[in-house]
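# A structural walkthrough
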Amino acid sequence: MSSLSLTAKAIRRGFLTIAATTVATGSVFSGSVIAEEAQAEKVERIAVTGSRIKRTDMETASPVSVIDASAIIASGATSIDDVLQKMTSSGGAMTNAAVNNGSGGNARVNLRGLGSNRTLVLVNGRRMIASGTGAASSVDLNTIPVSMIQRVEVLKDGASAVYGTDAIAGVVNVILKRDFDGLEMNVQTGMSGQGDAEETSLDFTVGNTFDKGNVVINAQYTKRGDASQADRDFSECPIAEGADGLYCAGSSYSEGGHIWGANGADLSGRGGEYHEFTDADRYNYSASSFLSTPMERLNLSMAGTYELSDSIMFFSEAMYSKRWSDQQMAPQPIWNSESWEYQPISAGGWMTDDLLPWVEDGELVDYGRRMVESGSRDFSQVVDTIRLVVGLEGEFDNGWTWDASYNKGKNDSVDTLANLHNIGSINDAVQAEEFDPFLQSSWMGDSIAPFVYTEVNAGGSELDIAALSLSGDIVDLPAGTMGFAAGYEFRKESAYFTPDSLTAQGLANDPRVEATSGEFDVNELYVELAIPLISDVMLLEQVDLSAAVRYFDYSTFGDDTTWKLGLTWRVFDDLMIRGGQSTAFRAPTVSELFGGKSPSFDQIVHPATDQTQAEVTVGGNPDLTPEEADITTLGLVYSPSFVEGLSLTVDYYDIAISNTITSVDSNYIANQCLDENGMKINEGTALCQSSNIEIDNTGRISFDNGLQNIGETNTSGFDINVAYTFEGLGLDWKAGLDTSILDTYEEYDQDGNVIDYKGYITGGVGAYAELKTNFNLTAAGDDWSATYEARYIDGMDSFACKDDPSDCYAPSVDSIVYHDISASYDINETVRLSGGVNNVLDEEPPYYSGNNDSNTDPYTYDVLGRYFFVRASVKF
C-alpha cells in the first residue's frame, strides 16, 4: 500500500476516534469540516491538542473531544461557556449569566469540578490571558468570540508536561478561523418563555486568501437582557424551613430596622412603628435580585499570515473584547459593629422614645437594617481585554519545523457598586449625638444622603510569553518514524486589584477589603517524543509510546520538573487500547499569593442561627506552594468494521492532587466548629483554630476561610462515548451519546479528615452528580437539518444535610432531564434560517436545603426555563 494511502487511512481513523469522544450537549462532533481539510492535504501533519508533535494520525494516548462550529450554532449559544458548561465532564461551580451574587459578569469552565483555575484555556494552542474583574486568575470565556470559532478541542487529561501550569483537569483549546474566504453575516435573537432575558447577537466575518497569505477579520456584538428572581415561582422569595414545612421568609436585616436588646428585646420597625419581631417582618431580598444578569459585549478579532519566503511565514493574531455587565441585589443590609447605648428623650437623652417600653434607658442594643430607602445594590463592570500574538514559523531542508512567537495579553477592569453606606461615619455621628438611628426619618432623604456612596474598584492582569519551538522526525525505526518536539518559554504574569478607599478602610459596613498586587516570572524547557515500538504483528498492529518532560523555574518558589508517558496499542484495525501516566502541577497565581483579605457572604445551614449567610473572610497566602498531581488514564477505542460509522470509547481517569490550594466548604467549617447552641467546638483542630469562628448577638456567624495548601483532592471516574453516523430514509443521520460516571471526589481538610463530595450538591462549590449523560440525534436532508438533544443530571443529596438529613425539608434533589430542539433551512446557497427551543418542557430548577441562590444551584441548573431563539445567516 502506498504511503499516501496509509496516511489517508490514518487520518480517517483519527477523525473517527475523535468523533467517538465527542461532546453530546448540543455540541455533537461534526467532522466534515476538519475531514475535508485533511483529505485535501492528505500528507500534511496535524497538530493535536495535548501534543506539540505534528502527526498524520490524530489518535494519541489522551482522550480528546471536539466541538465544531455547526454544533455551537445549533445550540443557540452566543458565548462558548454556554456549550462547555453543559459537557458531562464539566461540574462544580462555573460562573455564568445565572450567577448574580459574586459572578462579576464572568464566565468560566470547570472540568471535572476541580475548579476553573485547574482547567487550562488555550487559543490556537497558546495561552489566553487571565481576564475578568479584579486580579483575575482564570480565563473569562466572554473574551473569545463565538462567531470566530472553527472548533473547540477538549483534552480530558493532565498536560502540564506539554503546556505547563494549570493543565491538571484538562485543556480547552479554542481553534479560531484562519483560512476563510468571503463574507459571512449573522443575526440571532432570543428570549425566554416569560418574555425576559432577551439576547441579540450580530456578527460578521470577512476573509481573503491571496498568493502570499491570508487575512480574516471578525466583529461580534452581543446584548443580553435581564430576568428577575421575582418573576419565577421558584425564586420569588427566599424559602425557609419550619415545623410546618416551607414558607416564604427572608433576612432578619429587615425594612424599618431590627433591634436586639441586651435584656432580650427583639423588635422590628417595619411599617414605621416598633413591635415584637416575627417572621412576617423578614425582608424578601429575592424581589430585587436578578435571576439572569444583563451584559453587552463587543469582540473584535483578526488573524493573518504572510509568506516571507518559501520556507518562512509570518503569522499574527489579535483579539479585543469590551464587556459591560451588571448584577443587582437587594438593598444593603447594615449593622452596627459596636452596640449603641439607648438614650431616650424622656429620660433626659437625645434619642426617640419609640423603643420604650421594650428597651430601657442606657441599655446597649444591636441594630440591623435593610436600606430600602436608598435602593438596590447595583453592581456594574467595564472590562477590556487585549491579546496579540506575532511570530514566525518555518521549515528546514530536513523537514524539521520551527516557530518563534510573542504572546501579549492585557486585561483592565473597573467595577462599581452603588447605594452603599458609610457605616463608620454613621457610627461616628451616633456617638456625636448627631444621628438618631432609632428614628425612622433618620434613614430617609437628606438625612441619610451624606452617608450614601458608590464604591469604585479597579483591577487588571498582564501576560507576556516569548516562545521558541522545534519539531520534526529524528530517525526511522522498524515500526515507524520517531518524532520529537522541544522548546523554550519565558512567561511573566502580573495582576492587581485596587479597592475603593472607603472599602479599603472598612467603612462600608462590610469588613475591609485589602488591595492585591504582585507578579512572577518563569523559565521553562520541554521536550516531547513520539516513539513507534511495534507494527504489523498479530494483535500488535501498531504500538506507540509518547513521552514528555518539562523543567520550570519560578521566581516565586524555585524549580522542578513534570513528566508524562502515554501508550497507544492498536490491537487490530477496529480496536485500540490507550493509557497514560503523568505528573502535573499548578503554580499559585498572583491573586492566590498576594490577594488581599475580603469578605464573602456564603450560604450556610446551622442550628445556632436562622441567618442563611455567614460572613466569610477570604484572601491569598504568600506562603503557598504549587499543587502537584498524579494522573492516570486508561481507555479503549472500538470502531467495528462490520458497523460502518459506529465508534465507541471508554476512558477511566484518576487524578490525585496533593498540596491542594483551596478553602474548605463554608457549611463544613460552620458545623465542625460551632455546636447547635453557637458554642465553639473542636477548638484543638487546625481547621477550627485557623477559622477564628465567632457568632454575634444577631446570629451572624463569621470566620476566616483563606487559601491554604491543605491536603489532597482525589477524583476518579469513567467517560463513555458513542458516535454513530448512518444513512436512512433518504437522510443523513448522526447520533451521539456522552456519559460521565463519577467514582470518587474527595478532599481532605487541614486535619486529614476526608470530605466526600460524590453525589452531593453544595451551597457554594456546585454539584458533583454521580452520573451525567448527554444524547443528541441529527437528521439532515439536502437543504435542511434538525437536531434533538437531551441532557440528564443524576439526583443528588444536599451537602448541608449530610450529617443529619432528617433535619432538612429537602435533603436531596431528583434527577432532571432537559430537552432541546433546533433546526435549520437553506433558502438558497446564500441564506440560511435556523432556530430552536431550549428546555422545551420548561423544567424548573429543584429546591434543596442549603441552596446557593434563587433557592437552587444556578451553577448547575437552568433557571430561565423554556427559551426560544432564531438566527439568519448570509454568506457570500
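Preceding this section is the structure that the text describes.
Residues numbered from 1 in each chain as written. Predicted model: local features only at pLDDT ≥ 70, side-chain atom pairs only at ≥ 80, totals over all residues. Heavy atoms only, no water.

Moving on, we get to helix H6 (residues 423-431). Among the residues making up H6, those that are buried are Ile 423, Gly 424, Ile 426, Asn 427, Ala 429 and Val 430. If you follow the buried residues of H6, they end up packed against strand E18 (333-335), strand E19 (340-341), strand E22 (401-421) and helix H7 (445-448). In this structure Asn 422 caps H6, since a side-chain oxygen of it lies 3.2 Å from the backbone nitrogen of Gly 424. (Buried < 20%, exposed > 50% of the residue type's maximum accessible area, 1.4 Å probe, protein only. Helix = DSSP H or I, 4+ residues; strand = E, 2+ residues; numbered from the N terminus. Contact = heavy atoms within 4.5 Å. Polar contact = N/O pair within 3.5 Å; in protein donor to acceptor, adjacent residues only side chain to side chain.)

Turning our eyes to something else, we now look at a negative patch on the surface. Taken together, the side chains of Asp 553, Asp 559, Asp 560, Glu 628 and Asp 630 make up a negatively charged region of the molecular surface. Where the negative patch is concerned, the elements lending two or more residues are strand E27 (558-572) and strand E31 (627-638). Along the chain, Asp 560 turns up in strand E27. The class for Asp 560 is partly exposed, based on a relative accessible area of 36%. (Patch = residues over 30% accessible without salt bridge, like charges linked within 9 Å, V, L, I, M, F, W, Y side chains within 5 Å. Areas by Shrake-Rupley, 256 points an atom, 1.4 Å probe, with all protein chains shown as cover. Salt bridge = Lys/Arg side-chain N within 4 Å of Asp/Glu carboxyl O. Lys, Arg positive; Asp, Glu negative; His and termini not counted. Charge placed at Lys NZ, Arg CZ, Asp CG, Glu CD.)

Residue placement: Lys 772 occurs in strand E41 (residues 771-780). Within the buried core, Lys 772 has no salt-bridge partner, and the shortest N-O distance to an opposite charge, that of Asp 738, equals 8.8 Å. A polar contact of 2.6 Å, which involves the side chain of Lys 772, links it to the backbone oxygen of Ser 90. Here Lys 772 is in contact with Met 87, Thr 88, Ser 90, Gly 91, Asp 738, Thr 739, Ser 740 and Tyr 792, once residues within four sequence places are set aside.

Before going further, it helps to examine the state of the cysteines. Considering all chains together, one arrives at three disulfides under this definition. Cys 237 shares a disulfide with Cys 248; S-S distance 2.2 Å. A residue pair is termed long-range when its members are at least 10 positions apart, and Cys 237 in the loop between strand E9 (227-228) and strand E10 (239-242) and Cys 248 in strand E11 (residues 245-248) qualify at eleven residues. Judged by relative accessible area, which is 9%, Cys 237 ranks as buried. In this model, Cys 673 is linked to Cys 688 through a disulfide, with the two sulfur atoms separated by 2.0 Å. Disulfide Cys 673 to Cys 688: torsion about the S-S bond roughly -90°, handedness left-handed. Of this pair, Cys 673 sits in helix H10 (residues 666-673) while Cys 688 sits in helix H11 (residues 686-691), and the two are 15 residues apart along the sequence. Cys 673 gets classed as buried once you look at its relative accessible area, which sits at 1%. Since its relative accessible area comes to 9%, Cys 688 is described here as buried. The disulfide pattern of the protein chain is 1-2, 3-4, 5-6 when the bonded cysteines are numbered in sequence order. (Disulfide = S-S within 2.5 Å.)

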